[in-house]
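# Reading the structure
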Amino acid sequence: MALGFEAKIIARLFLRRWISLARRKGFKIPMPLNVLKSVAINSSGPSIKYKLTPLLAISFGIQAKSDSKNELKKLYEQADKMFETNSFVDLINLLKSIPSWSENSEALWRIARAQHHQLKYRTDKASKEYMALISGALDYAQKAVELDETCGPAHKWKAIVLDEYASLHGLKARISQLMNFKNHMEKAIKYSPNDPTSHYLLGEWNFSCANVSWVERNVANVLFGKLPDASYEAALEMFQKAEDISPNFYAKNKLMLAKTLLAIGKDVERAKILLKDVFDRYRDSNKWDDVEAVNEAVQLLQKYGVKF
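None of the values given here were measured: they were computed from a predicted structure.

Okay, the overall build of the protein chain next. Secondary structure assignment for the protein chain yields 14 helices and 2 strands. Split into buried and exposed, the 308 residues of the protein chain put 41% on the buried side. Here the protein chain has roughly 17800 Å² of accessible surface; of this, 54% comes from carbon and sulfur atoms.

Have a look at this one:
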């Protein structure tokens, strides 16, 4: 038979206490609630049968997912800060503490990036340890792309690590991967259009391929296979886009923008201004890429008779 009014009150008080405990643990539960499904009596006494209403079930689900996403976002932000301070080992350990990290695209491309940068200042490129690390980084980047085809950073780091890996296997291997590099970098731009670094790297790819002489291109075609088509105009577009997205984000982007203008003989005066700005802005920096950019800017300024 149906339970009386008093039993229903007791049941509701029990549920309210349960809800209060859940709230103290951080769950956000809307009120009022109608969670009591049914109450019945059997031989051993009243038996309360209840379940969450759709609204409450959805609320729990949304809150749990929201909390999880927020925690992951904070962890990724922490990992990115570690990357900026070159704390690569701690970064990798942090990301591998994520449950199912090996099935997490965001974790994998960051691990690939960290392992790639661990090798940046090493000279033992022929060692087994070096090859194992770059090969592992490539595997992580590849898995990140497979897990999320629309992840721009995964494509970017797949391209970067692939180029490094191929270069270790000789010029022929590197040339054979040029189109793969381009394809992944184009996808990086497609899915993360506001990342200036991807535009810079695709610009550098176009500049390098366009900068090959007719004789060198034909020799390479015979020995290693056809070089992909590229142009200074495409390079200029990429470098300018990167600068538009984030002005002064990278010394070498401004340097390459100037070099491309000089290569096509377009707006030479602007190129000189850009080179002078590279010198003025980065001459006191100790970063290796800033130092390289300043040194090359100085050579070009001297070549074009610019006083600085």
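This paragraph deals with helix α12 (residues 251–263). Given a rise of 1.5 Å per residue, 13 residues ought to cover 18 Å, and the 18 Å separating the end C-alpha atoms of α12 matches this to within 8%. Within α12, 12 of the 13 residues are buried, leaving the element largely enclosed by the surrounding structure. Those residues of α12 that sit buried are Ala251, Lys252, Asn253, Lys254, Leu255, Met256, Leu257, Ala258, Lys259, Thr260, Leu261 and Leu262. On its buried face, α12 sits against α9 (196–210), α11 (232–245), α13 (268–282) and α14 (288–303). Downstream of α12 by one or two residues, Gly265 has phi in the positive range, about 65 degrees.

Okay, the pattern of salt bridges next. Enumeration according to the criterion identifies 18 salt bridges in this entry. Within the structure, one salt-bridge network assembled from shared partners comprises Asp80, Glu106, Arg110 and Arg113.

In this section: unusual backbone geometry. Although it is not a glycine, Asn86 sits at a positive phi angle of roughly 60 degrees. Within the secondary structure layout, Asn86 lies in the loop between α2 (54–84) and α3 (88–95). Its identity is not glycine, yet Ser100 carries a phi of approximately 60 degrees, on the positive side. Mapping Ser100 onto the fold places it in the loop between α3 and α4 (105–118).

Turning next to the packing of α4 against helix α5 (residues 128–147). Close contact between α4 and α5 brings their axes to 8 Å; oriented N to C, the two are set at 155 degrees. As judged from the angle between their axes, α4 and α5 are roughly antiparallel. For the crossing formed where α4 meets α5, the hand is left-handed. Contact with α4, carried on its side by Ser105, Leu108, Trp109, Ile111, Ala112, Gln115, His116 and Gln118, involves Leu133, Ile134, Gly136, Ala137, Tyr140, Ala141, Lys143, Ala144 and Leu147 of α5 and no other residues of that element.

So, on to the side chain of Asn253. Looking at the secondary structure, you find Asn253 in helix α12. A polar side-chain atom of Asn253 sits 2.8 Å from a polar atom in the side chain of Glu243. Those residues in contact with Asn253 that lie beyond four places of it in its chain are Tyr200, Phe239, Ala242 and Glu243.

Before going further, it helps to spend a moment on the packing of aromatic side chains. Counted by the stated rule, this structure contains 6 aromatic pairs. Where Phe249 meets Tyr250, the ring centres are 6.0 Å apart and the plane angle is 40 degrees; that geometry is what we call tilted. In this structure Phe249 comes out as partly exposed when scored by relative accessible area, which is 24%. Feature note: the residues Tyr200, Phe239, Phe249 and Tyr250 constitute an aromatic cluster, connected by ring pairs. The ring of Phe83 has Arg113 sitting right over it, with the charged end atom 3.9 Å from the ring centre.

The predicted model of the protein chain averages 83 in pLDDT, with 74% of residues at 70 or higher. A low-confidence stretch, residues 5–10 stays under pLDDT 50, and its non-local contacts, those more than four residues away or across chains, total 2 contacts. Segment residues 29–64 is flagged for pLDDT under 50; beyond a separation of four residues in sequence, or across chains, it makes 59 contacts in the model.

As a further point, take α3. For α3, the complete set of buried residues consists of Phe88, Leu91, Ile92, Leu94 and Leu95. Mapping the buried residues of α3 onto a view down its axis gives an arc of 160 degrees, with all of them on the same face.

It is worth spelling out the environment of Arg113 at this point. Take Arg113: it is sitting in helix α4. A relative accessible area of 9% means that Arg113 is categorised as buried. It is 8.9 Å that separates the C-alpha atoms of Arg113 and Ile160, two residues lying 47 residues apart in sequence. Ignoring anything within four residues of it in the chain, the contact list for Arg113 reads Asp80, Phe83 and Trp157.

Counting 73 residues, the largest nonpolar core has Leu91, Leu95, Met185, Phe239 and Leu275 as the members making the most contacts within it. In terms of residue count, the dominant contributor to this core is α5 (9 residues). Every residue in contact with Leu95, bar those within four places of it in the chain, is listed here: Leu75, Tyr76, Ala79, Trp101, Ala107, Arg110 and Ile111.

Parameters and conventions
Residues numbered from 1 in each chain as written. Predicted model: local features only at pLDDT ≥ 70, side-chain atom pairs only at ≥ 80, totals over all residues. Heavy atoms only, no water. Helix = DSSP H or I, 4+ residues; strand = E, 2+ residues; numbered from the N terminus. Buried < 20%, exposed > 50% of the residue type's maximum accessible area, 1.4 Å probe, protein only. Areas by Shrake-Rupley, 256 points an atom, 1.4 Å probe, with all protein chains shown as cover. Expected span 1.5 Å × (residues − 1). Contact = heavy atoms within 4.5 Å. Salt bridge = Lys/Arg side-chain N within 4 Å of Asp/Glu carboxyl O. Axes fitted to C-alpha atoms, helices over the stretch in contact; angles between N-to-C directions. Parallel < 35°, antiparallel > 145°, perpendicular 65-115°, else oblique. Left-handed = near helix turned anticlockwise from the far one by under 90°. Polar contact = N/O pair within 3.5 Å; in protein donor to acceptor, adjacent residues only side chain to side chain. Phe/Tyr/Trp six-rings, centres within 6.5 Å; stacked < 30°, edge-to-face > 60°. Lys NZ or Arg CZ within 6 Å of the ring centre and 35° of its normal. pLDDT = per-residue confidence, 0-100. Arc of directions from axis to C-beta. Core = buried A, V, L, I, M, F, W, Y, C linked by side-chain atoms within 4.5 Å.

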